[in-house]
Amino acid sequence: MTIAERYNAAAAKLLPHMAADLTVDPAITDANHIDEIVFRRSEYLGGMAIAILAMIDQQN
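Below is a short write-up of the structure. (Residues numbered from 1 in each chain as written. Predicted model: local features only at pLDDT ≥ 70, side-chain atom pairs only at ≥ 80, totals over all residues. Heavy atoms only, no water.)

1. Quick notes on the overall build of the chain
At step 1: Secondary structure assignment for the chain yields four helices and zero strands.
At step 2: Secondary structure elements of the chain, listed N to C terminal, follow the sequence α-α-α-α.
At step 3: A compact globule built from 60 residues would reach a C-alpha radius of gyration of about 10 Å, and the chain, at 10 Å, matches this within 12%.
At step 4: Each principal axis of the C-alpha atoms in the chain carries an extent, and together these give about 25 × 20 × 20 Å.
At step 5: Looking at the chain residue by residue over its 60 residues, the buried ones come to 35%.
At step 6: Within the chain, residue pairs in contact and separated by at least 24 positions form 50% of the contacts whose partners lie at least 6 positions apart.
At step 7: Surface accessibility of the chain: about 3,800 Å² in total, with carbon and sulfur atoms responsible for 55%.
At step 8: Taken together, the 4 basic and 8 acidic charged side chains of the chain have centroids lying 6 Å from each other. (Helix = DSSP H or I, 4+ residues; strand = E, 2+ residues; numbered from the N terminus. Rg over C-alpha atoms; globule rule 2.2 N^0.38 Å. Buried < 20%, exposed > 50% of the residue type's maximum accessible area, 1.4 Å probe, protein only. Contact = heavy atoms within 4.5 Å. Areas by Shrake-Rupley, 256 points an atom, 1.4 Å probe, with all protein chains shown as cover. Lys, Arg positive; Asp, Glu negative; His and termini not counted. Charge placed at Lys NZ, Arg CZ, Asp CG, Glu CD.)

2. Details of the environment of A49
At step 1: Tracing the sequence through the fold places A49 in helix α4 (residues 43-59).
At step 2: Taking relative accessible area as the criterion, A49 reaches 0% and is therefore assigned buried.
At step 3: Among all residues touching A49, those that are not within four sequence positions of it are Y7 and V38.

So, in structure tokens, the structure goes:
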């Protein structure tokens, strides 16, 4: 499972009302790339993406 697939699943679980705004291409394999994509959408969403990625990292 790629980091993007794990990220998308976590975003949908934690923030189902914003999942469409946070979702990225599931083929992405780099957390920094996810952050860049979501941050370009908005700084607020980028902050949420970083928090979700940090939670995923702690689960490892």
